[in-house]
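# Analysis of the macromolecular model
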Amino acid sequence: MNDSDTIAAISTALGGSGIAIVRVSGSDAIQIGDRVFVLAGSSKKLSDMPSHTIHYGYVKDNGKIIDEVLVSLMRAPRSFTTENTVEINCHGGVYATRRVLETVLKNGARLAEPGEFTKRAFLNGRIDLSQAESVIDVIQAKNEYALQNSIGQLRGSLGREVNALRERILYQTAFIESALDDPEHYSLEGYPDKLFLETSDLLKSIDRLIATADNGRLIKEGIQTVILGKPNAGKSSLLNVLAREERAIVTDIAGTTRDTLEETISLGGITLQLVDTAGIRYTDDVIEKIGVSKAQDKAGTADLILYVVDSTADLDENDEKILPLLEDKKVIVLLNKSDLEPVLTLEQVKAFVDDRYPVLEISAKEETGLELLENTLRKLFYQGDLSFNDEIYVTSARVKSELVNAKYSLNKVLESISMGLSEDFFSIDLMDAYAALGRIIGKEVGEDLVNEIFRRFCMGK
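What you are looking at is a predicted structure, and each value in this text was computed from that prediction instead of being measured.

## Observations regarding the packing of helix H3 (residues 116-123) against helix H16 (residues 447-455)
At a closest axis distance of 9 Å, the pairing of H3 and H16 adopts a crossing angle of 140°. With respect to their mutual orientation, H3 and H16 come out oblique. As H3 packs across H16, the resulting crossing turns out to be right-handed. Of the residues in H16, those in contact with Thr118, Lys119 and Phe122 of H3 are Val450, Asn451 and Phe454. Across the contact of H3 with H16, the residue classes break down as three nonpolar, two polar and one charged.

## Section: the pairing of strand S6 (residues 85-91)
Counting buried residues in S6 gives five out of seven residues, a clear majority hidden from the surface. Relative to S6, strand S2 (residues 19-25) runs antiparallel, the two sharing seven bridges. Paired with Ser25 across the strands is Thr85, a residue of S6. Here strand S5 (residues 64-74) pairs with S6 via five bridges, running antiparallel. Counted as the bridge partner of Val71 is Ile88 from S6.

## Notes on the environment of Ser72
Structurally, Ser72 is set in strand S5. By relative accessible area, Ser72 is classed as buried at 13%. When the C-alpha positions of Ser72 and His55 are compared, they lie 6.6 Å apart, and in sequence the two are 17 residues distant. Excluding its chain neighbours within four sequence positions, the residues that come into contact with Ser72 are Thr53, Ile54, Thr85, Val86, Glu87 and Asn89.

## Let's talk about the side chain of Thr173
Mapped onto the elements of the fold, Thr173 is located in helix H6 (residues 157-181). Beyond its immediate stretch of four places on either side in the chain, Thr173 contacts Ser427, Leu430 and Met431.

## Looking at the sheet that holds S6
Read from one edge of the open sheet, seven strands run S3-S4-S5-S6-S2-S1-S7, paired in mixed fashion. The two strands at the open ends of the sheet, each matched to only one other strand, are strand S3 (37-39) and strand S7 (110-111). Where helix H1 (residues 29-36) meets the sheet, its contacts fall on S2, S3, strand S4 (53-61), S5 and S6, and the angle it forms with S3 comes to roughly 70°. Against the sheet, helix H2 (residues 94-106) engages strand S1 (7-10), S2, S4, S5, S6 and S7, with an angle of about 175° to S1.

## Some details on the packing of aromatic side chains
For the structure shown, the criterion picks out three aromatic pairs. Their ring planes at 55° and their centres at 5.9 Å tell us that Tyr56 and Tyr58 sit as a pair that is tilted. Where Phe175 meets Tyr191, the ring centres are 5.0 Å apart and the plane angle is 35°; that geometry is what we call tilted. A residue pair is termed long-range when its members are at least 10 positions apart, and Phe175 in helix H6 and Tyr191 in helix H7 (residues 191-211) qualify at 16 residues. Take Phe175: its relative accessible area is 22%, and that puts it in the partly exposed class. The aromatic ring of Phe117 is capped on one face by Arg23, whose charged end is 5.1 Å from the ring centroid. Above the plane of the ring of Tyr434 lies Arg166, whose end atom (NZ or CZ) is 3.8 Å from the centre.

## Structural notes on helix H9 (residues 235-243)
Buried residues dominate H9, accounting for eight of its nine residues. At the exit of H9 stands Arg244, carrying a positive phi of roughly 60°.

## So, empty space enclosed by the protein
If a probe the size of a water molecule is rolled over the atoms, the empty space left behind becomes visible. Scanning the entire structure with this criterion turns up two cavities of 30 Å³ or more. The calculated volume of the largest cavity comes to roughly 60 Å³. If you trace the largest cavity, you find it lined by Ser130, Glu133, Ser134, Asp137, Gln153, Leu158, Val394, Thr395, Ser396 and Val399. At four residues, helix H4 (residues 129-140) tops the list of elements feeding residues into the lining of the largest cavity. Of the residues belonging to the lining of the largest cavity, the class tally is three nonpolar, five polar and two charged. Along its surface, the second largest cavity is lined by Val24, Ala29, Ile32, Gly33, Val36, Val86, Ile88 and Val104.

## Focus: the pattern of salt bridges
This structure, assessed with the given rule, holds 20 salt bridges. Between Arg99 and Asp61 there is a salt bridge, and its shortest N-O distance comes to 3.4 Å. Residue Arg99 is found in helix H2, and its partner Asp61 is found in strand S4; the two are separated by 38 residues along the sequence. The pair formed by Arg99 and Asp61 is uniform in burial state, with each residue classed as buried. Among the ionic pairs, Lys106 bridges to Asp61, the shortest N-O distance being 2.7 Å. Of the two residues, Lys106 is situated in helix H2 and Asp61 in strand S4; the sequence distance between them amounts to 45 residues. Classification of Lys106 as exposed rests on a relative accessible area of 52%. Residues joined by salt bridges that share partners form a network here, namely Asp5, Glu83, Arg110, Glu116 and Arg120.

Conventions adopted
Residues numbered from 1 in each chain as written. Predicted model: local features only at pLDDT ≥ 70, side-chain atom pairs only at ≥ 80, totals over all residues. Heavy atoms only, no water. Axes fitted to C-alpha atoms, helices over the stretch in contact; angles between N-to-C directions. Helix = DSSP H or I, 4+ residues; strand = E, 2+ residues; numbered from the N terminus. Parallel < 35°, antiparallel > 145°, perpendicular 65-115°, else oblique. Left-handed = near helix turned anticlockwise from the far one by under 90°. Contact = heavy atoms within 4.5 Å. Nonpolar A, V, L, I, M, F, W, Y, C, P; charged D, E, K, R; others polar. Buried < 20%, exposed > 50% of the residue type's maximum accessible area, 1.4 Å probe, protein only. Pairing = 2+ DSSP bridges. Phe/Tyr/Trp six-rings, centres within 6.5 Å; stacked < 30°, edge-to-face > 60°. Lys NZ or Arg CZ within 6 Å of the ring centre and 35° of its normal. 1 Å grid on protein atoms, 1.4 Å probe; cavity = no way out; pocket = protein on both sides within 12 Å on 5 of 7 lines; lining within 4 Å. Points joined across faces, edges and corners; volume = space filled by probe spheres on them. Salt bridge = Lys/Arg side-chain N within 4 Å of Asp/Glu carboxyl O.

Okay, structure coming up:
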């Protein structure tokens, strides 16, 4: 496709709604607007109007009115794509919206590829690649934390950090090259020690960004959470309470849940990818055995395990079978059925798990203890709070990979200094780190990578 074409697409979800937007961008966008749009009560054209204005009128096709619309006009370079842009706000019926788009396409525009508007904003220098990726993160945000982190990166927080690191690396490289070319005016005496300190400081900054990637994944995708426990401990009741609907069948019959049941829920702004599992116990039932095996497999890949213990029943060999599944995991133990006369005490359960995990008293039936669960979750994963004033959380696997590449190259610089190698070696590895960081923001990236990133976008964005 030609990047100079004028493109158009429906930028809102297609379906019955009050309003839909057909976006047109490119050098001919305003001329196409003149062909399809007629101002109500005026002989003027859209091209006669100043930028950043909204106009009421009609979209026509061969003189026939298609829809009553409002049209926004944005002249280059003051638009999202930096190109002339026309956005037609029409009625949101599926047929009406498609007819408006068809009319625009018939009058000179071509249908945009997925993400092509954002791609043009990147290619035209309005945003860097990290900001472009954050656009889709904003659209797909599942909670307040994910949204705020994406908005911060959309505003350039990650790009500014990366650019600052690149400037420091470039300064050191330029100094080395200048000293090698003009030793009379630039001395390298004592410089390796200074570079060692500077490189070590750069590595601290990169390590800090890499360290945020795990939290970044949890913010973006949600915490993979598995509910474990014996039959009838109240696992399905807990799922229903957290999901705010009857997602799982709850009975007094032990072993009701035979398969996994998954639900995405938000608890205090934290997204949990919640999995209810079959009660873990020794059984001869073939189907129940499969369910127990699935529960064990899910536990192995979980970020968090909610171990539900029935406070009205003694701990037994089935609980002993669960303990190994908790090893090397983040775990919250929930002593359920606090509304009933207990057989187990909080102290007994803490002793059973060797006091390695937080133990909370809850009642899924009475919906008590959920606020304490929420606070414990936040402390367990986010050290109690998340602030987006200046903290950056890396949510892209691509960005993390390039940070790791930059770290590798800077460590090579430290190795070269320690080995007393020539300054030429410093420059090579410094520039490799510079290039890796540049790929994060779209410098020195190939067309295939750019296309792959924007293919993940929805049409019209």
